[in-house]
Amino acid sequence: MKTVLVTGALGQIGSELVAKLRGLYGENHVVGTDIRVDADSPVACGGPFETLDVTDGERFLEIGKKYQVDAVIHLAALLSASAEAKPQFAWHLNMSGLVNALETARQLKCQMFTPSSIAAFGPSTPKDRTPQDTIQRPNTIYGVTKVSGELLCDYYHERFGVDTRGVRFPGLISYVTPPGGGTTDYAVEIYYHAVREKKYTSYIAAGTKMDMMYMPDALDAIIQLMEADPAKLVHRNAFNITAMSFAPEDVAAAIRERVPEFELTYDVDPVRQRIAESWPNSIDARCAEEEWGFRPRYDLDAMTKDMLGKLASRL
Ligand code: SER
């Protein structure tokens, strides 16, 4: 990667990834793009920034050409719960955005990264230590777009030689930019509420385990995979990666180690609970470890300590 175009640059992953990439590759070598404009954000002030609706393929290609990018990191997408509320729009945005990213990468001979998700699995997938290669029949529109996206990236790699790479992200937790419209968002909100109110009402039921990861590990994973030797990659789209697996009561217990009065109650949202129950309890990340050395640094305790500390000074 020398010059990178990032879509969804004002989003949860993008806002932190752009800053990190600019530190590594130089501020003029990372082009942030988003459908929104936020002139005050460091993403827009700290280097090149362009507005881009990813469903506009001509503009996507034009920005790629203008900056002579050699890598596309395509993050713009609707998350699981928002997608379930607007399935037709979710298909349009997630799939035409991806097609335009792949076409830009094909025409400009770029490397290309796009995230898949634990949502690419479904109710018939083995739930524990979910293998890299297994049954993928999701019953959410978000999951359907993720499986389709994995297949399309594989197709572009085989048919056109595009250097496509991807990971199946678990729920991502960070103190910088909040996620929006995901099923795993509770695992971010709980920390904000712990710091502000010392209590939280979870929309996910007790006992519902999902894979999670702290943002610094997610950013490292993207960069490490993009820099990995292609000859070592057996899999491409997309690698299982995870750092921890927990249910709401587990994260509450970790918070209570530092905020003893913290209280957790439940008011379960049937839509997001159904989505969560269709996903694995914990996935097996051994292929990522073996093929490109993936190794997360943060477990639940280390993440909780860092999140609470950072949020306490920010809020
Ligand atoms: N965190 C995402 C969501 O909950 C999963 O990819 O939608």
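Computed from a predicted structure; not experimentally measured.

It is not clear to me how the pairing of strand S1 (residues 4–7) should be interpreted in this structure. Could you clarify?
On any regular strand, side chains alternate: one points to one face of the sheet, the next to the other face. Here S1 shows no split at all, with Val4 and Val6 on one side and Leu5 and Thr7 on the other all buried. Viewed along the sheet, the connection from S1 through helix H1 (residues 12–25) into strand S2 (residues 30–34) turns out right-handed. Relative to strand S4 (residues 71–74), S1 is paired through four bridges, and the arrangement is parallel. Across the sheet, Val4 pairs through a bridge with Ala71, a residue of S4.

How do you make sense of the environment of Thr304 when you look at a structure like this?
With respect to the helices, strands and loops of the structure, Thr304 is situated in helix H12 (residues 300–314). Apart from residues no more than four positions distant in its own chain, Thr304 is found in contact with Tyr191, Ala254, Ile255 and Arg258.

Would you mind showing me how to read the pairing of S2 here?
Counting buried positions along S2 yields five of five residues, so the element is predominantly enclosed. Neither face of S2 is left uncovered, since the one carrying Val30, Gly32 and Asp34 and the one carrying Val31 and Thr33 both have all their residues buried. In this structure, S2 lies alongside strand S3 (residues 49–51), joined through three bridges in parallel fashion. Bridging from a neighbouring strand, Asp34 pairs with Thr51 of S3.

Looking at this model, I keep getting lost on the site of the ligand. Mind explaining?
Around the ligand, the neighbouring residues are Leu79, Ser80, Ser117, Tyr142, Gly182, Thr183, Thr184 and Trp279. Within the side chain of Ser80, one N or O atom sits 2.6 Å away from an oxygen atom of the ligand. Within the backbone of Thr183, a nitrogen or oxygen atom sits 2.6 Å from an oxygen atom of the ligand. Its free accessible area being 240 Å², the ligand has 93% of it covered by the protein chains. Residue composition of the shell around the ligand, grouped by class: three nonpolar, five polar and no charged.

I keep staring at the nonpolar core and nothing clicks. Help me out?
It is characteristic of soluble globular proteins that their nonpolar side chains tend to be buried jointly. Among the nonpolar cores identified, the biggest contains 61 residues, and Ile173, Tyr186, Tyr191, Phe246, Phe262 and Met303 are the most heavily contacted of them. Ignoring sequence-local partners within four residues, the contact set of Met303 consists of Ile173, Tyr191, Tyr214, Met244, Phe246 and Tyr298.

Would you mind showing me how to read the sheet that holds strand S14 (residues 244–246) here?
Sheets are built from strands that pair by backbone hydrogen bonding, the pairs being arranged parallel or antiparallel. Reading across the sheet, the three strands line up as S10-S12-S14 and stay open at both edges, with mixed pairing between neighbours. Sheet topology places strand S10 (171–173) and S14 at the edges, where each strand pairs with a single neighbour. Looking at each pair of strands side by side, their axes are set apart by 40 degrees on average, direction ignored. Summarising the sheet, S10 and strand S12 (residues 210–214) pair through three bridges and their orientation is parallel. By the bridge assignment, Gly171 is partnered in S12 with Met212. Contacting S10, S12 and S14, H12 runs over the sheet at an angle of about 85 degrees to S14.

The rules behind these values
Residues numbered from 1 in each chain as written. Predicted model: local features only at pLDDT ≥ 70, side-chain atom pairs only at ≥ 80, totals over all residues. Heavy atoms only, no water. Buried < 20%, exposed > 50% of the residue type's maximum accessible area, 1.4 Å probe, protein only. Helix = DSSP H or I, 4+ residues; strand = E, 2+ residues; numbered from the N terminus. Right-handed = clockwise from strand over helix to strand, strands pointing away. Pairing = 2+ DSSP bridges. Contact = heavy atoms within 4.5 Å. Near = heavy atom within 4 Å. Polar contact = N/O pair within 3.5 Å; in protein donor to acceptor, adjacent residues only side chain to side chain. Areas by Shrake-Rupley, 256 points an atom, 1.4 Å probe, with all protein chains shown as cover. Nonpolar A, V, L, I, M, F, W, Y, C, P; charged D, E, K, R; others polar. Core = buried A, V, L, I, M, F, W, Y, C linked by side-chain atoms within 4.5 Å. Axes fitted to C-alpha atoms, helices over the stretch in contact; angles between N-to-C directions.

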